[in-house]
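For reference, the chains in residue letters:
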Amino acid sequence: MSTPQAGPPRDRAAIPPHNCLLCHGTAAATGGMPVLKGQDPAVIAAALRDYRDGKRHGTIMPRIAKGYDDGVIDALAAYLATAEQ
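Everything numeric in this text was worked out from a predicted model, so none of it was measured.

Caption draft 1: Molecular detail of the layout of surface pockets. Its boundaries defined by the atoms lining it, the largest pocket holds a volume of some 650 Å³. Lining the largest pocket are 25 residues, and of these His24, Leu36, Leu48, Tyr51 and Met61 sit closest to its centre. When contributions to the lining of the largest pocket are tallied by element, the ones reaching two or more residues are α1 (17-24), α2 (41-52), α3 (61-65) and α4 (70-82). Ranked by the residues each element gives to the lining of the largest pocket, the list is headed by α2, at five residues. The residue inventory of the lining of the largest pocket, partitioned by class, reads 18 nonpolar, six polar and one charged.

The structure is reproduced here in structure tokens:
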């Protein structure tokens, strides 16, 4: 039996960006949640860093971004900006 992994996966390929798209995809982006496709990856990355670092407040995003290092944030931002949604 394997032990649970502490924190988010360090392998960037293991980050499930489709989870982000559940709330931020074109069909589901309601209630003030921005659509991420077409956004500048630098803007997405800056927002994630601000959530992670406590500079930006929210309900769930600070908890999600808290464990992501800069490499993971950059990889997510690049993917999400161009993801098919």
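Caption draft 2: Geometry of the nonpolar core. Core analysis: the biggest nonpolar cluster contains 16 residues, and Ile44, Leu48, Tyr68, Ile73, Leu76 and Leu80 have the highest contact counts within it. Top element by residues in this core is α4. It accounts for six residues.

Caption draft 3: Looking closely at the environment of isoleucine 44. Structurally, isoleucine 44 can be placed in helix α2. Once the C-alpha coordinates of isoleucine 44 and alanine 81 are considered, the two residues, 37 residues apart in sequence, prove to be 7.8 Å apart. Those residues in contact with isoleucine 44 that sit more than four places away from it in its chain are Leu36, Gln39, Ala77, Leu80 and Ala81.

Criteria and thresholds
Residues numbered from 1 in each chain as written. Predicted model: local features only at pLDDT ≥ 70, side-chain atom pairs only at ≥ 80, totals over all residues. Heavy atoms only, no water. 1 Å grid on protein atoms, 1.4 Å probe; cavity = no way out; pocket = protein on both sides within 12 Å on 5 of 7 lines; lining within 4 Å. Points joined across faces, edges and corners; volume = space filled by probe spheres on them. Helix = DSSP H or I, 4+ residues; strand = E, 2+ residues; numbered from the N terminus. Nonpolar A, V, L, I, M, F, W, Y, C, P; charged D, E, K, R; others polar. Core = buried A, V, L, I, M, F, W, Y, C linked by side-chain atoms within 4.5 Å. Buried < 20%, exposed > 50% of the residue type's maximum accessible area, 1.4 Å probe, protein only. Contact = heavy atoms within 4.5 Å.

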